[in-house]
Amino acid sequence: MPRVGLDPAAVVAAGAALADEVGLANLTMGLLAERVGVRTPSLYKHVGGQEDLNRRIAVLALSEAADAVGGAIQGYAGRDALAAAARAFRAFVLEHPGRYAATIGVEPSGPDDPLATAGRRLLGAFTAVLRGYEIAESDVDHALRMLRSLWHGFATLQASNGFQWSADIDESFEWLIAFADRGLRADGLAR
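Cut-offs and rules
Residues numbered from 1 in each chain as written. Predicted model: local features only at pLDDT ≥ 70, side-chain atom pairs only at ≥ 80, totals over all residues. Heavy atoms only, no water. Helix = DSSP H or I, 4+ residues; strand = E, 2+ residues; numbered from the N terminus. Buried < 20%, exposed > 50% of the residue type's maximum accessible area, 1.4 Å probe, protein only. Contact = heavy atoms within 4.5 Å. Core = buried A, V, L, I, M, F, W, Y, C linked by side-chain atoms within 4.5 Å. 1 Å grid on protein atoms, 1.4 Å probe; cavity = no way out; pocket = protein on both sides within 12 Å on 5 of 7 lines; lining within 4 Å. Points joined across faces, edges and corners; volume = space filled by probe spheres on them. Nonpolar A, V, L, I, M, F, W, Y, C, P; charged D, E, K, R; others polar. Phe/Tyr/Trp six-rings, centres within 6.5 Å; stacked < 30°, edge-to-face > 60°.

### Describing the environment of proline 108
And then number 1: In this fold, proline 108 is placed in the loop between helix H6 (97-101) and helix H7 (114-130).
And then number 2: Under the relative-accessibility criterion, proline 108 is labelled partly exposed at 41%.
And then number 3: In this structure the C-alpha to C-alpha distance between proline 108 and glycine 119, which are eleven residues apart in sequence, comes to 9.1 Å.
And then number 4: Not counting residues up to four positions away in its chain, the partners in contact with proline 108 are Arg55, Asp113, Leu115 and Ala116.

Below you can see the structure in the form of structure tokens.
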């Protein structure tokens, strides 16, 4: 009999919170069972194992990141939308490094996989940002990859304490936003 109040969503939420605390690599079913107050075998009534748990955390993380970025860009266009999206994404990764780590390298099983759906929502928010620039349709995928590389790289380096020299990190991030904005504008003008 499953513990009262414990369901797959609660297990995933607890797993995501624990991953943020201890790191995704250190998240185990045993540690999660201890956190939610059950024996490890009881978790298997709610998730199919460690891989299933990690996939579900990835879906949760992509959905939450999509909500954060999508909400941040509402009412903005161009550089303002770019900056809002970048800041929201960075904040999400810094606040949730474990659950964000679950999104890296996991592949959807098909177009209806919740992972694919959540990923499309996040890409949709960034695609909306690009509408403020004159990016050719044939270059949208390239621009999306560029933005993901910039924001992902910066945020994950910062989350792992990868910037240990004297320059102000926030100032560097604002510089990166301005750099991306200039590049996107230049690409649109070159057409």
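Picking up where we left off.
### What about the nonpolar core?
Note that soluble globular proteins tend to have their nonpolar side chains buried in a common cluster.
And then number 1: Residues Leu32, Leu53, Leu82, Phe126 and Trp151 are the most contacted members of the largest nonpolar core, which totals 59 residues.
And then number 2: At the level of secondary structure, the elements contributing two or more residues to this core comprise helix H1 (8-22), helix H2 (29-36), helix H4 (50-73), helix H5 (78-95), H7, helix H8 (140-159) and helix H9 (169-189).
And then number 3: Top contributing element to this core by residue count: H5, with ten residues.
And then number 4: For tryptophan 151, the residues in contact, after removing those within four places along its chain, are Leu82, Ala86, Phe89, Phe126, Phe173, Leu176, Ile177 and Ala180.

### Some remarks on the layout of surface pockets
And then number 1: Of the volumes computed, that of the largest pocket is approximately 500 Å³.
And then number 2: In this structure, the largest pocket is lined by 19 residues; those nearest its centre are Leu62, Gly119, Leu122, Leu123 and Arg148.
And then number 3: Of all the elements in the fold, those that place two or more residues in the lining of the largest pocket are H7 and H8.
And then number 4: The class makeup of the residues in the lining of the largest pocket is 13 nonpolar, three polar and three charged.

### Some thoughts on the packing of aromatic side chains
And then number 1: Enumeration according to the criterion identifies seven aromatic pairs in this entry.
And then number 2: With a centroid separation of 5.6 Å and an interplanar angle of 55°, the aromatic rings of tryptophan 151 and phenylalanine 173 are classed as tilted. Within this pair, whereas tryptophan 151 is found in helix H8, its partner phenylalanine 173 is found in helix H9, the two being separated by 22 residues in sequence. Each member of the pair, tryptophan 151 as well as phenylalanine 173, is classed as buried.
And then number 3: By the ring-pair criterion, three or more aromatic residues cluster together here, those being Trp151, Phe154, Phe163, Trp165 and Phe173.

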